[in-house]
Amino acid sequence: MSLDLQRATSEPITSVDMLLAGFRSAEKPPSQHLLGLEHEKFVYPVQSARPVPYEGPSGIGALLERMAPNGYTPFRETPTSPAIALQKGMLTISLEPGGQLELSGSPLRTAREAHAENLAHLAEVKAAAGPLGLRLVALGYRPFATTADMPWMPKTRYLAMRQSLPERGRLALNMMLMTSTGQVSLDWSSEADCVRKTVLTARLAPLMVALYANSPIVDGKPSGYMSFRNRVWDEVDPTRCGYLHSFFDGSFSYRAYVDWALDAPILFLRRRGEYLRPKMTFRQFMKDGFEGAPADMSDWTDHLSTLFPEVRLKKVMEVRGADCVSAPMTGALAALWRGLLYGPGAMDEAEKLLPQLSYEEHLAFHDTARRQGLAGRLRDQEIHRLAGEMVAIARRGLERLDREDAPLVEPLAEVAASGRSPGQFVLEAWEKDPRPEALLDRAAL
């Protein structure tokens, strides 16, 4: 199957109301709420810290080729271009710019289904990777090498982003090539429900950052951050990353998100089988058009996919702040947010967990979480204790919603109780043995 760069034109955008309607169309009754799990991970040669290129007999392309016969349909940008993704039903395996392998899981009802799907995926990838001399590694940031050492995957969209994003931020290429994350997607039932879930998730995000901080080593030495992956986002593009002010001042709404998105620069437009780079915001594009043609809804869909706030809205709400970690911790990520946002009464409890912080106070809290992880403090409270209570609230929500999902959060409870983020263990391992191969051995999936 080919991915058509000459995307079909869609309905021209004639008003902001059309953009708001897109979010309203995503509303679902609670009985239909699902979740999706995304898990990126690094691919390395066994006993080597070299990045793996797409090409070659042991490259990323060869890995996809070995996996394809397991019921997958390869995706190509043109009939003759290399495969850049695999799809089976609603499950997609895709490539990030530096060869990070990403599972975008199926929309599922329970966290245990999402966890089981990820476990099956990991087993399948390992079976294909072993004969190629490759392995999977769970870290949030590549601990060795620099962007100059990295290969690029053969995806045209990444070429456009490679040209556009560095103009916006010093660490844009680091984000594309060097980072790996875990994400959860969730549903909402109304604008009020979307607002409540988005604001709550944004407020709790630093606790999740601390629980999942797993990227302390950069270019072979300690970075000063438990999650350097999260730090990178500060210098990608301030107009499209981080937190919205409206998350914290009571003004968040569909319209607030749309207005924020409209004022972000366009990274690319797909036209005539090419990715073009007009220098304008989407608001300017709506007003003036481009090359005599108006903005349309396909352009808006593309634009939404190039925004990277800590909580992102498309047709689902995406929680984006976790570093890549082990499979049990990744399954726990799905259970955490299912319990907090879907569990009866859980949002009521979670909204009382933290003090009401201003935008500036929240940024400081967030920075403490990514620097110090669970060892940090929010005012007079220890972050690891707050994180432990957040996990307990999620567990109680799951026990009221679906008792079988509740045990999945146990790894998080143990991490919170220890007071040590995953990155602390990475640092200790590096101090004992700073050889790249030894550190990657410890982080292997």
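Right above here is the structure, for reference.
No experiment lies behind these values; they were computed from the predicted model shown.

Chemist: Got a minute to help me understand the overall build of the protein chain in this structure?
Modeler: For the protein chain, the count of helices and strands is 17 helices and 17 strands. Compactness check: the protein chain gives a C-alpha radius of gyration of 21 Å against a globular reference of 22 Å for 445 residues, within 12% of the reference. Based on the C-alpha atoms only, the size of the protein chain along its principal axes is roughly 60 × 55 × 40 Å. The 445 residues of the protein chain split such that 60% are buried. Sequence separation of at least 24 residues holds for 76% of the intrachain contacts in the protein chain that already meet a minimum separation of 6.

Chemist: Help me understand unusual backbone geometry in this model?
Modeler: Where the residue is not glycine, phi is negative for most of them; where a peptide bond is considered, it is trans in most cases. The backbone of D219 sits at a positive phi, close to 55 degrees, despite the residue not being glycine. Looking at the element boundaries, D219 is found in the loop between β8 (217-218) and β9 (221-222).

Chemist: Before we go on, may I ask you to explain the pattern of salt bridges in this structure?
Modeler: Any two side chains of opposite charge can pair, on the condition that their charged atoms come close. According to the stated counting rule, one finds 40 salt bridges in the structure shown. Ionic pairing is found between R283 and D259, a salt bridge with its closest N-O pair at 3.6 Å. Taken together, the positions of R283 in helix α9 (residues 282-288) and D259 in helix α8 (residues 254-262) put the pair 24 residues apart, joining distant regions of the chain. Accessibility expressed as a relative area gives 32% for R283, which makes it partly exposed. Note on D259: relative accessible area 24%, which makes it partly exposed. Across the salt bridge formed by K314 and E318, the nearest N and O atoms sit 3.2 Å from each other. Using a relative accessible area of 26% as the deciding quantity, one classes K314 as partly exposed.

Chemist: When you look at the pairing of strand β2 (residues 73-76) in this model, what are you seeing that I'm missing?
Modeler: Along any regular strand the residues' side chains alternate between the sheet's two faces. Bridging between β2 and strand β3 (residues 83-88) involves 4 bridges; their strand directions are antiparallel. Bridge pairing links R76 to A83 in β3. In textbook terms, the turn of a hairpin is the stretch between consecutive antiparallel strands, and for β2 and β3 this stretch comprises 6 residues.

Chemist: What is the right way to read the side chain of E102 from this model?
Modeler: With respect to the helices and strands, E102 occurs in strand β5 (residues 101-104). As a buried residue without a salt bridge, E102 has its nearest oppositely charged side chain in R312, at a separation of 7.7 Å. For E102, the side chain forms a polar contact with the side chain of S104, separated by 3.2 Å. Those residues in contact with E102 that lie beyond four places of it in its chain are E38, H39, E40, K41, T92, I93, S94 and E96.

Chemist: Just checking my understanding: could you explain the nonpolar core for this structure?
Modeler: The tendency in soluble globular proteins is for nonpolar side chains to be buried side by side. The biggest cluster of nonpolar side chains holds 93 residues, and the ones touching the most others in it are L204, L211, Y212, W300, W337 and L340. With residues near it in sequence (within four places) discarded, Y212 still touches A322, D323, V325, M329, A332, L333, L412 and P422. Core analysis: the second largest hydrophobic core is formed by 26 residues, L63, Y72, A83 and A129 among them.

Chemist: What is the right way to look at helix α14 (residues 383-401) in this model?
Modeler: Each turn of an α-helix holds 3.6 residues, which means side chains three or four residues apart point in the same direction. If you check α14, its first and last C-alpha atoms are 27 Å apart, about what 19 residues at 1.5 Å a residue would give, namely 27 Å. Along α14, the residues that are buried comprise I383, H384, L386, A387, M390, V391, I393, A394, G397 and L398.

Chemist: Explain the packing of aromatic side chains here, please?
Modeler: For any two aromatic rings, the description comes down to two numbers: the centre-to-centre distance and the angle of the planes. Scanning the model with the defined rule gives 16 aromatic pairs in all. Summarising the aromatic geometry, the rings of Y225 and F228 are spaced 6.1 Å apart at their centres and angled 70 degrees between planes, so their arrangement reads as edge-to-face. Taken individually, Y225 and F228 each receive the classification buried, so the pair is uniform in this respect. An angle of 75 degrees between the planes, with centres 4.9 Å apart, marks the rings of F268 and Y275 as edge-to-face. Each member of the pair, F268 as well as Y275, carries the same accessibility label: buried. An aromatic cluster is built from F23, W188, Y243, F247, F248, F252, Y254, Y257, W260 and Y359, whose rings are joined through pairwise contacts. A cation sits over an aromatic face here: K88 above Y72, 4.2 Å from the ring centre. Over the ring of W233 we find R320, and its NZ or CZ is 5.5 Å from the ring centre.

Chemist: I'm lost on the state of the cysteines in this one. Help?
Modeler: By the definition in use, this model includes 0 disulfides. C241 provides the cysteine sulfur closest to C194, a residue in no disulfide bond, and the two sulfurs are 19 Å apart. Counting only cysteine sulfurs, C241 is the nearest neighbor of C324, a cysteine outside any disulfide, at a range of 20 Å.

Chemist: Can you help me understand the environment of L211 in this one?
Modeler: The residue L211 is located in helix α6 (residues 191-212) in this model. The exposure class assigned to L211 is buried, which follows from its relative accessible area of 0%. Distance from L211 to P422, taken between C-alpha atoms, is 7.4 Å for residues 211 residues apart in sequence. Apart from residues no more than four positions distant in its own chain, L211 is found in contact with M329, L374, A387, M390, V391, L412, V415, A416 and P422.

Chemist: Can you walk me through the packing of helix α11 (residues 327-342) against helix α15 (residues 410-418) in this structure?
Modeler: For any two helices packed against each other, one specifies the crossing angle of their axes together with the interaxial distance. It is at 8 Å that the axes of α11 and α15 come closest, and there the two elements cross at 100 degrees. The angle between α11 and α15 places the two elements in the roughly perpendicular class. When α11 is examined against α15, the residues P328, M329, A332 and L336 are found in contact with a partner set consisting of P411, L412 and V415. Counted by class, the contact of α11 with α15 contains 7 nonpolar, no polar and no charged residues.

Calculation rules
Residues numbered from 1 in each chain as written. Predicted model: local features only at pLDDT ≥ 70, side-chain atom pairs only at ≥ 80, totals over all residues. Heavy atoms only, no water. Helix = DSSP H or I, 4+ residues; strand = E, 2+ residues; numbered from the N terminus. Rg over C-alpha atoms; globule rule 2.2 N^0.38 Å. Buried < 20%, exposed > 50% of the residue type's maximum accessible area, 1.4 Å probe, protein only. Contact = heavy atoms within 4.5 Å. Salt bridge = Lys/Arg side-chain N within 4 Å of Asp/Glu carboxyl O. Pairing = 2+ DSSP bridges. Lys, Arg positive; Asp, Glu negative; His and termini not counted. Polar contact = N/O pair within 3.5 Å; in protein donor to acceptor, adjacent residues only side chain to side chain. Core = buried A, V, L, I, M, F, W, Y, C linked by side-chain atoms within 4.5 Å. Expected span 1.5 Å × (residues − 1). Phe/Tyr/Trp six-rings, centres within 6.5 Å; stacked < 30°, edge-to-face > 60°. Lys NZ or Arg CZ within 6 Å of the ring centre and 35° of its normal. Disulfide = S-S within 2.5 Å. Axes fitted to C-alpha atoms, helices over the stretch in contact; angles between N-to-C directions. Parallel < 35°, antiparallel > 145°, perpendicular 65-115°, else oblique. Nonpolar A, V, L, I, M, F, W, Y, C, P; charged D, E, K, R; others polar.

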